[in-house]
Amino acid sequence: MFNTKDRKKFVEKQEQSHEGAQIQYPHRLNFYDKPPLYDVTIEEFETCALDRLRVLAEIESSFARNRPWDDLKTVTLAQCQKYVPLNNNTAVTVDVDTQRRNDQLGHFVLRLAFCRSEELRRRFVKAESTLFRVRYDSDDRREREAFLKSRDLDWIEVGDAEKKTYEKELQALEIRKAGEDHTNEERYYKVKWTRVPDLVAKRRVFLRGGSAYVPSREQASIVLQTFEANLTRALENTAKVLPRMDEDTRLVPILNNLSQGFLAGVPSEWNGASTTSDEITADMVDEIAKKHFPMCMRNLHECLMRDRHLKHFGRLQYGLFLKVLGLSIEEAVMFWRKAFSGLTDDKFNKEYKYNIRHSYGLEGKRANYPAKSCQQILLTDKPGPSDCHGCPYRHFAPENLQTSLLATYSSHGLTTSDLPEIMKTVKEGHYHVACTRVFEITHSGGGVKKGEGIGGGESVTHPNQYASRSRELEKSQQDSAMVVE
Amino acid sequence: MTSTDSDASPEAMLAFYRHLYPFKSIFNWLNHEHVPTRLFTHREFAFTLQHDVYLRYNSFNTYEDLKKQVCALNPTRFEIGPIYTARPRDKKSVRSAAFTPVKRELVFDIDMTDYDGTRTCCSAADICVRCWAFIAAAVKVLHTALVDQFGFKHILWVYSGRRGIHCWVSDSDAMDLTDEQRRAIVNSLTVIEGGKEMAKKVNVRIGNKALPPSLWPASNTLRLLFDPLILKDQDVFATESNWEILLQLVPDNTITEKLRDKWSNNPSRSSSDKWLDLKRTIHKTYDEGSVEYNRLQNALEDIVLQYTYPRLDAEVSKHRNHLLKAPFCVHPKTGRVCVPVDPLHVDDFNPVTVPTVSGLLREMDESTKNGEEGADWSKTSLQPYVDMLDRHTAEIMDGVRRSKRAAASSDQSW
Ligand SMILES: [Zn+2]
């Protein structure tokens, strides 16, 4: 799939299985037991993986936020629609084959990225099987049955004689009203009890001699368990053969980046910056900061105002953020000149102006540097003892974080009673979930409910996304207020 | 019990380990074969020394090595843990990823302290023959469930030396269970939930439906025990505070008002009388088959479970890497040996009369005085218990031999 040596092998295999015109992806659901057998470009390789990673990271956030299953499903389906859409066979206007191919490719790339430690494997299996379950639940009934028929799921249908023997017990499992006799129609499948631990735990199956009698409506449990077990085994195997992959030096950094992003709980860069950025001026920054900035930027802003200075990484993190927020180069120079009020013009022009222009792509190699994402802030350039940059949720001592949160956001509605929940997610390492929760609390006045995140249940993955969403909310509130008038 | 019977002094313990502890039987039981396998060599042993020093991650090549170390350390007790991917004693030298628990007996722990509120004879750490009846009920219910529902065959019950009982399941299927599967078994067998402040501790129904079928056998067994044990022997509803708890479990104010009046005026009514009062009042108040009637019948069924169903210490069972005291250890407070208990005769077991270290050492002295060669458990009252373990192990080994033979013959067919 990924290098020339392997490519040849895949082609041979493909030819063997070519018996006439064969549909490549007959089903929407996929157990991913066949790897992609075609060439891919490095761009496709990365894009498909990143798209899928967004969905998986949102699933992890949903767990961290204890979202009820129905909410998780809604949020995940919305994310899938955006990044990894999969339509039913009946969809005629879309190219389902390409959708399914991308779905398969993304899954297999992430396998490579996530097979490398026990922790990554465990989390990947959990997120992937949740994704599978969401899709299984939302699949067309007939297509799902066709998919199940195509698989050998190693279950035995319970025969009539046995159904008769355990009639009472099986009837008691029914969720239908008492009195209605449906046992004869209901189908049951016998599997080893260890394959349906969730149903055993909830006493939703009848057990005899180590076998679980599973009503057909609980079939999903068997299917999911099989999916999980297969994937776990496959990942362990991939981990064993992976060292050979390291030959391809183009892939290693991509894979590293993917797995690190997942560990930070943040998939990648947010790139919706262009949607709102009206120009802002240097004078406006202070007010916007107090209304719309996430904790990290509030902290940098306060430090800058207090110390009349910021160290290198702080300037970089804050400066790029302001640039994406809509501060033009002229306004940026003005802003920083004012902020560094202790410096002479000469010193400012010599030592700082160049760097500001550089970050706007006007000097040096003239690159248009993007603002740092949560992932970069969390993982790179760890702040030293006198630094102000970084992510406060991760880099502040718990007591300091609580004090700062109250000082910063109590005027936006955050109270001490909100802190335990926030600190719990911080302690579990879900920093972006904590940040998202603060967003929800401080924007509840604008109608944001718990679990909604920065819109559609999505979590904060970029400081600019936080600020931009906050400004949007304010704007729409002002608009509707005007309508009322 | 004489005062010296509870003696578990270091001297007594050392003599016990040297001469009486059945190391070889324990080895065979853990190892499933006569030649040491990973089931023994990669198995964790943990020692609790005098003054509560705790030594973890010990492992041994043979039972002689284990015995040598036990005699050298003279622990107050030792515990048995899981089989790891590497030898536990090499833990420091292997990568942590390469050191994970892979196999472990499925274990259960039932402790009498969790029965306070349903027994009146003793409280906290105490135990008498009368409260053993609760443990006996627990053994019957769990043993039946493990055999009939989960299909396990090799189940060993061991008295914990004081106020409870341990259960070890050695089937190879049980050894291989993941933590998730262990949790599933525990959840399916856990019926009593909620702390002291929770009146109704049985909540296993969906709405007002019948009990889930997996609890039917338990309910049938315990229904028969409720009358002799809870009503007659323990007379649980004698005091006002206790019959008030009973009334809280009856979800019908008409009924409870009537009964509260009646019982307050006749405080001397026995528990059996009160139970009868409750059943009769339900009969008189509601028509058989009506919704209210059915709901109250369900409540009665739940009350029986609440007062008799086994209380499991769930944490012990849920994780492969949990340690549990080895059979035949000595409880430091009582001096009693943790002997196996025959589940078929669990009613006849009396925790107060099990062999004690000092008693056994006395028996050993007697037999040496009588000029018998050597000195070990075969000349003491420990013998029937060691025999019981050996018989149990023989069945495990039989199973292993059979499945090896089956595997070999299916290999040949290729
Ligand atoms: Zn007692």
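Residues numbered from 1 in each chain as written. Chains lettered and ligands numbered in written order. Predicted model: local features only at pLDDT ≥ 70, side-chain atom pairs only at ≥ 80, totals over all residues. Heavy atoms only, no water.

- In the annotation of an unreviewed UniProt entry, the entry for chain B reads Prim-pol domain-containing protein, and the organism field reads Hygrophoropsis aurantiaca.

- In the nomenclature of an unreviewed UniProt entry, chain A is known as DNA primase large subunit of Hygrophoropsis aurantiaca.

### Remarks on the overall build of chain B
Thinking step 1. When you go through chain B residue by residue, the secondary structure sums to 15 helices and nine strands.
Thinking step 2. Dimensions along the principal axes, computed over C-alpha positions, put chain B at roughly 70 × 65 × 35 Å.
Thinking step 3. In chain B, buried positions account for 51% of the 414 residues.
Thinking step 4. Counting contacts in chain B only where the partners sit at least 6 residues apart, residues at least 24 apart contribute 67% of the total. (Helix = DSSP H or I, 4+ residues; strand = E, 2+ residues; numbered from the N terminus. Buried < 20%, exposed > 50% of the residue type's maximum accessible area, 1.4 Å probe, protein only. Contact = heavy atoms within 4.5 Å.)

### Topic: the overall build of chain A
Thinking step 1. In terms of regular secondary structure, chain A is built from 22 helices and four strands.
Thinking step 2. In chain A, buried positions account for 49% of the 485 residues.
Thinking step 3. Approximately 24100 Å² of chain A is accessible, and the part contributed by carbon and sulfur atoms is 51%. (Areas by Shrake-Rupley, 256 points an atom, 1.4 Å probe, with all protein chains shown as cover.)

### Thoughts on the interface of chain B and chain A
A common way to report how large an interface is uses the accessible area buried once the components associate.
Thinking step 1. Listed per partner, the contact involves 22 residues of chain B and 18 residues of chain A.
Thinking step 2. Here chain B and chain A share an interface that buries about 1800 Å² over both sides, 62% of which is from carbon and sulfur atoms.
Thinking step 3. Inspection of the chain B/chain A interface yields one salt bridge.
Thinking step 4. A salt bridge links B:D173 to A:K192; its shortest N-O distance comes to 3.1 Å.
Thinking step 5. The interface formed by chain B and chain A contains ten residue pairs in polar contact (both at pLDDT 80 or more).
Thinking step 6. Of all elements in the fold, only helix 5 (129-149) and helix 7 (179-189) of chain B reach the threshold of two or more residues within the side of chain B that touches chain A. (Buried area = accessible area lost by both parts, 1.4 Å probe. Salt bridge = Lys/Arg side-chain N within 4 Å of Asp/Glu carboxyl O. Polar contact = N/O pair within 3.5 Å; in protein donor to acceptor, adjacent residues only side chain to side chain.)

### So, the confidence of the model for chain A
Thinking step 1. Confidence in the prediction for chain A averages 84 pLDDT; 87% of positions are at 70 or higher.
Thinking step 2. Mean pLDDT per element in chain A: helix 1 (residues 4-17) of chain A is the minimum at 37, and strand 3 (residues 206-208) of chain A is the maximum at 96. (pLDDT = per-residue confidence, 0-100.)

### Quick word on the packing of helix 1 (residues 10-19) of chain B against helix 14 (residues 357-369) of chain B
Residue and element names in this part refer to chain B.
Thinking step 1. At their nearest, the axes of helix 1 and helix 14 sit 10 Å apart, and the two run at 60° to each other. Our classification of the angle between helix 1 and helix 14 gives oblique. In the packing of helix 1 onto helix 14, the handedness of the crossing is left-handed. Where helix 1 approaches helix 14, its residues A12, M13, A15, F16 and H19 are matched on the opposing element by V357, L360, L361 and M364. (Axes fitted to C-alpha atoms, helices over the stretch in contact; angles between N-to-C directions. Parallel < 35°, antiparallel > 145°, perpendicular 65-115°, else oblique. Left-handed = near helix turned anticlockwise from the far one by under 90°.)

### A few points about the coordination of the zinc ion
Residue and element names in this part refer to chain B.
Thinking step 1. Distances from the zinc ion to its protein donors, C121 (SG), C122 (SG), C128 (SG) and C131 (SG), fall at 2.2 to 2.3 Å.
Thinking step 2. Metal-centred angles of 105 to 119° between the four donor atoms at the zinc ion mark the site as tetrahedral.
Thinking step 3. Here the donor residues for the zinc ion map to a single chain with the spacing C-C-x5-C-x2-C. Accessibility classification places C122 together with C128 in one group, the buried group. (Donors = N, O, S within 2.8 Å, 3.2 Å for Na, K, Ca; no water. Tetrahedral: all angles 85-135°; square planar, octahedral: opposite > 155°, others 65-115°.)

### Quick word on the nonpolar core
Thinking step 1. B:F16 and B:F152 are the most contacted members of the largest nonpolar core, which totals 130 residues.
Thinking step 2. When residues of this core are assigned to their parent elements, the largest contribution, twelve residues, is made by helix 5 of chain B.
Thinking step 3. Not counting the four nearest positions on each side in its chain, B:F152 is found in contact with A:W193, B:L106, B:L146, B:V147, B:V169, B:D171, B:D173, B:A174, B:L177 and B:I185.
Thinking step 4. If you look at the next biggest cluster of nonpolar residues, it comprises 56 residues, including A:L343, A:Y393, A:L405 and A:Y409. (Core = buried A, V, L, I, M, F, W, Y, C linked by side-chain atoms within 4.5 Å.)

### Notes on the sheet that holds strand 7 (residues 164-169) of chain B
Thinking step 1. Strand order in the open sheet made by the four strands is 5-7-6-9 (chain B), with antiparallel pairing throughout. The two strands at the open ends of the sheet, each matched to only one other strand, are strand 5 (106-111) and strand 9 (340-341) of chain B. (Pairing = 2+ DSSP bridges.)

### Considering the pairing of strand 4 (residues 211-215) of chain A
Residue and element names in this part refer to chain A.
Thinking step 1. Of all five residues making up strand 4, four are buried, and the element is well covered by its neighbours.
Thinking step 2. Both strand 2 (residues 188-192) and strand 4 contribute to a ladder of five bridges, which runs antiparallel. Residue pairing for strand 4: Y188 is matched across the bridge by P215.
Thinking step 3. Note: strand 3 against strand 4, three bridges, orientation antiparallel. Within the sheet, the bridge partner assigned to L207 lies in strand 4 and is A212.
Thinking step 4. Linking strand 3 to strand 4, which pair antiparallel, is a turn of two residues; within it G209 sits at a positive phi near 55°.

### Digging into the pattern of salt bridges
Thinking step 1. Summed over all chains, the structure comprises 54 salt bridges over all chains.
Thinking step 2. The partner of B:D176 in a salt bridge is B:K103, and the shortest N-O contact between them spans 2.8 Å. Taken as a pair, B:D176 in the loop between helix 6 (172-175) and helix 7 and B:K103 in strand 4 (residues 101-103) lie far apart in primary sequence, 73 residues in all.
Thinking step 3. Judged by relative accessible area, which is 40%, B:D176 ranks as partly exposed.
Thinking step 4. One salt bridge connects B:K200 with B:D302, and the closest N-O pair in it is separated by 3.1 Å. Placement of the pair is B:K200 in the loop between helix 7 and helix 8 (216-233) and B:D302 in helix 12 (residues 291-308), with a sequence separation of 102 residues.
Thinking step 5. Three or more residues joined by partner-sharing salt bridges are found here, namely A:R52, A:D103, A:E128 and A:R135.

### Observations regarding the sheet that holds strand 3 of chain A
All names here are of chain A.
Thinking step 1. Here we have four strands laid out as an open sheet, ordered 1-2-4-3, and antiparallel in their pairing. Edge positions in the sheet fall to strand 1 (156-157) and strand 3, since each of these pairs with one other strand and no more.
Thinking step 2. When strand 1 meets strand 2, the two strands line up antiparallel, connected through two bridges. Residue pairing for strand 2: E157 is matched across the bridge by Y189.

### Considerations on the environment of B:E292
Thinking step 1. Structurally, B:E292 is set in helix 12.
Thinking step 2. C-alpha separation for the pair B:E292 and B:P251, spaced 41 residues apart in sequence, amounts to 9.4 Å.

### Remarks on the packing of helix 5 of chain B against helix 8 of chain B
Describing two packed helices takes the angle between their axes plus the distance from one axis to the other.
Residues and elements named next belong to chain B.
Thinking step 1. Direction vectors running N to C along helix 5 and helix 8 enclose 175°, while the axes themselves pass 10 Å from each other. Looking at the two axes, helix 5 sits roughly antiparallel to helix 8. Taking contact as the criterion, the partners of R130, A133, F134, A137 and V141 in helix 5 are, on helix 8, A218, L222, L225, L229, I230 and D233.
Thinking step 2. Taken together, the residues of the contact of helix 5 with helix 8 sort by class into nine nonpolar, no polar and two charged. (Nonpolar A, V, L, I, M, F, W, Y, C, P; charged D, E, K, R; others polar.)

### Re the packing of aromatic side chains
Thinking step 1. This structure, assessed with the given rule, holds 49 aromatic pairs over all chains.
Thinking step 2. Between A:K323 and the ring centre of A:Y360, over which it is positioned, the NZ or CZ distance is 5.7 Å.
Thinking step 3. A cation sits over an aromatic face here: B:R311 above B:Y115, 5.0 Å from the ring centre. (Phe/Tyr/Trp six-rings, centres within 6.5 Å; stacked < 30°, edge-to-face > 60°. Lys NZ or Arg CZ within 6 Å of the ring centre and 35° of its normal.)

### Comments concerning the confidence of the model for chain B
Thinking step 1. Predicted confidence across chain B gives a mean pLDDT of 91, with 96% of residues reaching 70 or more.
Thinking step 2. As scored by the predictor, the complex reaches a pTM of 0.71 and an ipTM of 0.93.

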